[in-house]
Amino acid sequence: MNAVTIDVSLKRFAAAAQAPPVTALRDLKFAVARGEFVCVLGPSGCGKTTLLNIVAGLDRDYSGRVIVTATSANAQPTLGYVFQTPRLLPWRTAKENVQLVQRPEQDRQIVAELLSVTGLSEFQNTYPERLSIGMSRRVALARAFAIEPDLLLMDEPFVSLDEATAQRLRLMLLDIWRRRPTTVLFVTHDTREAILLADRIVVLSASPGSVESVFDVDIPREQRNDPAIVEAWRNRKISLPRKTDPENQAPIV
Amino acid sequence: MSSSGLRALGIRIASFASLILLWQIGTLILGPRKLPSPATVAYVLSADIADGSLPFHLAITLLRVAASFVTAMAIGTFLGIAMGRMPRFDRFFDSWLIVALTFPALVAAILCYLWFGFGEAAAIIAVAVNKIPNVAVTMREGARALSRDLAEMATVFRFGRLKTLRHVILPALAPFLIAAARSGLALIWKIVLVVELLGRSNGMGFQINLFFSFFDVASILAYTIAFVVVIQLIEFGILRPLDRHTVRWRR
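Residues numbered from 1 in each chain as written. Chains lettered and ligands numbered in written order. Predicted model: local features only at pLDDT ≥ 70, side-chain atom pairs only at ≥ 80, totals over all residues.

The subject of this paragraph is the nonpolar core. Core analysis: the biggest nonpolar cluster contains 119 residues, and V55, L153 and L185 of chain A together with A126 of chain B have the highest contact counts within it. Ranked by residues supplied to this core, first place goes to helix α8 (residues 160-199) of chain B with 14 residues. In contact with L153 of chain A, not counting residues within four places along its chain, are L52, V55, A56, L79, G80, Y81 and L185 of chain A. (Core = buried A, V, L, I, M, F, W, Y, C linked by C-beta atoms within 7 Å. Buried ≥ 20, exposed ≤ 12 C-beta atoms within 10 Å, placed from the backbone. Helix = DSSP H or I, 4+ residues; strand = E, 2+ residues; numbered from the N terminus. Contact = placed C-beta atoms within 7 Å.)

Structure below.
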């Protein structure tokens, strides 16, 4: 069963006053099965964040249909979202930020467990302004899992971090995902990151974004830390679409 | 207390003592009729407190300050948030706000007495009308500064209206509310005195007008000191701690 089915025929938005609208997405169709980890890979500006905002219900001005299915019948689907910036409430502590998203009937122990897994137990009573950027992102990660989402959306959550911190957080994400399995739709422009994390990679074309190709990542997860294996797989399978000159369709150098 | 704390306290005491000394020198130069000595004013102050007249008029004035303050804060906050969040509403009322900001407090007080009669309602409306534009301007800035990112986060995580208001909107507006309250209190008590002087038969403003008629400078100073002390107690005892609490999360 699919956790989310995406069928966006057209998404345009006004770039500037007096300027013609820009087409961000066109004929974008794919589905994510329940429990699957899918990475949407595409160059900058191909509409990845727009796509997540549509799935999250933050952007309703598009043509098409997006269906998110709840795990249990008679319930509305629950979404988690890790934004590009942590978007924490600065007046709430790390623990309060994670707790706040929970529904009343949810188990409060989850918060303690997530703070422990993300290495934040010692900093649970610290306000976000006093946390490092890496720690803030870990809080955002814990918060997204604390709601026990039917679908977890992640918008380049490790961008602008140094590579060592980003890699530590990627492995942390996989660790939490194994403990608390859920469906993940993760957008990135980093091919290696997609290969490390995903069960399946959906490659988008450059603007306007539409599905260019889909790859099952058939490398066993325990081998994905080996750069040589990842590199060989990447060279064999994936090449990111480049932006093209609309006049002659030649790649822009 | 640390040595730096002791030093700060010492500076404050020295500053206060030099003010009293300067006052005493002023008495010697101007004469006790024009400027009564600190001791005379202290005696009048204690006598008026003992016979109950000062606490009575002070309480009446504070009630008027409280009523005007609550009215101005409630209406000003509502208007300010609406203007900050709704551009059309802002465009429509912006010119009204500019007129209201430049409207003299004295004229507003006189007009209110003429239109509504010499009653409590007129006095409170006159004071509130003067303060509402200032509160609205401050709260409009607060509402404009509300983070769209946090609002989106609250939408995705299904906070609902009440939870969003409590955990996202009000904490973001709190520093602006406190700023409006502090500047409001400083302005309102001054206008209340004018309004009482013009058209009430009790309160600090009325009493000061009465003392003015008898050239009783000692009582004028005694009442003023009592009132300033009470307002400072509200500022340091309530508003400043509240201010510190609302921004405790800042680095």
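Quick look at the confidence of the model for chain B now. Low-confidence regions, as indicated by low pLDDT, have predicted coordinates that should not be scrutinised in detail. For chain B, per-residue confidence averages 91 on the pLDDT scale, and 100% of positions sit at 70 or higher. Across the assembled chains, the prediction reports ipTM 0.87 with pTM 0.80. (pLDDT = per-residue confidence, 0-100.)

Of the residues in chain A, 93% reach a pLDDT of 70 or more, and the chain-wide mean stands at 88. Segment residues 242-253 of chain A is flagged for pLDDT under 50; beyond a separation of four residues in sequence, or across chains, it makes 12 contacts in the model.

Turning next to the packing of helix α3 (residues 53-85) of chain B against helix α10 (residues 217-246) of chain B. Residue and element names in this part refer to chain B. Across the interface, α3 lies against α10 with an axial gap of 11 Å and an inter-helix angle of 50°. Relative to α10, the element α3 is oriented oblique. The handedness of the crossing between α3 and α10 is right-handed. Side by side, α3 and α10 meet where L54, L58 and L62 of the first sit next to Y223, A226, F227 and V230 of the second. (Axes fitted to C-alpha atoms, helices over the stretch in contact; angles between N-to-C directions. Parallel < 35°, antiparallel > 145°, perpendicular 65-115°, else oblique. Left-handed = near helix turned anticlockwise from the far one by under 90°.)

Interfaces are often sized by the accessible area lost when the parts come together. All names here are of chain B. Along its sequence, chain B is carved into domain 1 (1-35) and domain 2 (36-246). On a C-alpha basis, the centroid separation for the pair domain 1 and domain 2 is 30 Å. Listed per partner, the contact involves 7 residues of domain 1 and 5 residues of domain 2. When its residues are assigned to classes, the side of domain 1 that touches domain 2 shows 4 nonpolar, 2 polar and 1 charged. (Domains from an automatic or database assignment. Nonpolar A, V, L, I, M, F, W, Y, C, P; charged D, E, K, R; others polar.)

Let us now look at the sheet that holds strand β1 (residues 2-13) of chain A. All names here are of chain A. Taken together, 3 strands build an open sheet; the order of strands is β2-β1-β4 and the sheet is antiparallel. Here the strands that pair on one side only, and so sit at the sheet edges, are β2 (22-33) and β4 (63-68). Strand-to-strand, the axes of this sheet are offset by a mean angle of 15°, without reference to chain direction. Note: β1 against β2, 10 bridges, orientation antiparallel. Each residue of the ladder has a partner; that of F13, found in β2, is V22. In the packing of helix α1 (residues 48-56) onto the sheet, the strands contacted are β1, β2 and β4, and the crossing angle to β1 comes to about 120°. (Pairing = 2+ DSSP bridges.)

This part covers the environment of Q124 of chain A. Residues and elements named next belong to chain A. In this structure, Q124 sits in the loop between α3 (109-117) and α4 (133-146). When the C-alpha atoms of Q124 and D155 are compared, they prove to be 24 Å apart, with 31 residues separating the residues in sequence. Excluding anything up to four places from it in sequence, Q124 contacts T93, A94, K95 and L115.

The next subject is the sheet that holds strand β8 (residues 200-204) of chain A. Residues and elements named next belong to chain A. The 6 strands are arranged β5-β6-β7-β3-β8-β9 in an open sheet whose pairing can be described as mixed. Looking along the sheet, the strands with just one partner apiece sit at the ends: β5 (79-82) and β9 (211-216). The mean inter-strand angle of the sheet, taken between neighbouring strand axes irrespective of direction, is 15°. The sheet contact formed by strand β3 (residues 37-41) and β8 spans 4 bridges and is parallel. Paired with V38 across the strands is R200, a residue of β8.

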